[in-house]
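Structural characterization, general
Here is what each chain is made of, one letter per residue.
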Amino acid sequence: MHVSTTQGWALRPATPEDVDAIAELRAIVMRPDLVRLGRYDEHRVRRRLRDSYLPEYTSVIVVDGRFGGCVTLRPDADGRCLESFFLAEELQGGGIGSAVLRELLARTDAEGITVRLNVLQGSAARRLYERYGFILEREDAVDVYMVRGPGVTA
């Protein structure tokens, strides 16, 4: 089991039992952007996570011994896809998300792997990803698709 710890947080492998906590966190943190885009459905937001949950590629972010968030880094056609990166609202803005992202990107850089992701239009998360070298690949009315090659420095 790979567990890394820095500044009060750690990543641990997700289990099937984590799905409810992750689905609930997704509903909470995505609500403002989904409401703004006219796409919020309180049941669908949870069901989409449950239907696509891949614990084998997901890490739980543990902060001070408690569930603080999650992130999925699943294999994709030519690299990895960063998905379901959620951090509890009270933990946002304190550097934990950046630290987790730095660690994941250090791993993919060491493997020479491209990373793709998508964020909702207007999401503040886009700025975080741009700071770490992700660039626009394409976009539509709802999603912004971004990509980052290995070893890109922001």
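Residues numbered from 1 in each chain as written. Predicted model: local features only at pLDDT ≥ 70, side-chain atom pairs only at ≥ 80, totals over all residues. Heavy atoms only, no water.

**With respect to the pattern of salt bridges**
For clarity, the threshold we go by: Within this document, salt bridges are pairs made up of a side-chain nitrogen of Lys or Arg and a carboxyl oxygen of Asp or Glu, the two lying within 4 Å of each other. The helix and strand labels rest on DSSP assignments: H or I over at least four residues marks a helix, E over at least two residues marks a strand, and numbering proceeds from the N terminus. Only protein chains enter the accessibility calculation, which uses a 1.4 Å probe; a residue whose area is less than 20% of its type maximum is buried, one above 50% is exposed, and one in between is partly exposed.
Inspection of every chain in the model, using the stated rule, returns eleven salt bridges. Residues Asp 78 and Arg 116 are paired through a salt bridge, measuring 2.8 Å at the closest nitrogen-oxygen approach. Pair noted here: Asp 78 is in the loop between strand S4 (66-76) and strand S5 (79-87) and Arg 116 is in strand S6 (residues 114-120), with a separation of 38 residues, a long-range link. Look at Asp 78 and you get partly exposed, because its relative accessible area is 46%. One salt bridge connects Glu 130 with Arg 126, and the closest N-O pair in it is separated by 3.0 Å. Residue Glu 130 and its partner Arg 126 are located together in helix H4 (residues 125-131), separated by four residues, close to a single helical turn. On the basis of relative accessible area, Glu 130 is assigned to the partly exposed category, the value being 37%. The structure contains a network of salt bridges with shared partners spanning Arg 74, Asp 76 and Glu 83.

**Brief notes about unusual backbone geometry**
In this structure, Asp 64 is a non-glycine residue whose phi angle is positive, near 50 degrees. Along the chain, the position of Asp 64 falls in the loop between strand S3 (58-63) and S4. Despite not being glycine, Ser 84 shows a phi value in the positive range, around 45 degrees. Structurally, Ser 84 is set in strand S5.

**Thoughts on the packing of helix H1 (residues 19-36) against helix H2 (residues 44-52)**
Condition: Helix axes use the C-alpha atoms of the stretch in contact, all axes being lines fitted to C-alpha atoms, and the angles between their N-to-C directions lie in the range 0 to 180 degrees. An angle counts as roughly parallel when it lies under 35 degrees, as roughly antiparallel when it exceeds 145, as roughly perpendicular when it falls between 65 and 115, and as oblique in every other case. When the near helix sits turned anticlockwise from the far one by under a right angle, the crossing is termed left-handed; a clockwise turn instead gives a right-handed crossing. We call two residues in contact when some of their heavy atoms are within 4.5 Å.
Between H1 and H2, the shortest axis-to-axis distance is 8 Å and the interhelical angle comes to 135 degrees. Our classification of the angle between H1 and H2 gives oblique. The two elements H1 and H2 cross, and the hand of that crossing is right-handed. When H1 is examined against H2, the residues Val 19, Asp 20, Ile 22, Ala 23, Glu 24, Arg 26, Ala 27 and Leu 34 are found in contact with a partner set consisting of Val 45, Arg 46, Arg 48, Leu 49 and Arg 50.

**Considering the layout of surface pockets**
Where empty space is left can be seen by rolling a probe of water-molecule size over the atoms. Quick reminder of the rule: The method works on a 1 Å grid over the protein atoms by themselves. A cavity is a set of points holding a 1.4 Å probe that cannot get out, a pocket is an open set with protein on both sides within 12 Å along at least five of seven lines, and residues with an atom within 4 Å of a point line them. Grid points are joined across faces, edges and corners, and a volume is the space filled by probe spheres set on the points. Each residue is assigned to one of three groups, with Ala, Val, Leu, Ile, Met, Phe, Trp, Tyr, Cys and Pro labelled nonpolar, Asp, Glu, Lys and Arg labelled charged, and all others, Gly among them, labelled polar.
Estimates place the volume of the second largest pocket at around 310 Å³. Around the second largest pocket, the lining comprises 16 residues; the ones closest to its centre are Glu 56, Tyr 57, Ser 59, Leu 73 and Arg 107. Elements with a minimum of two residues in the lining of the second largest pocket: strand S2 (9-13), S3, S4 and helix H3 (96-110). Residues belonging to the lining of the second largest pocket are distributed by class as follows: six nonpolar, five polar and five charged.

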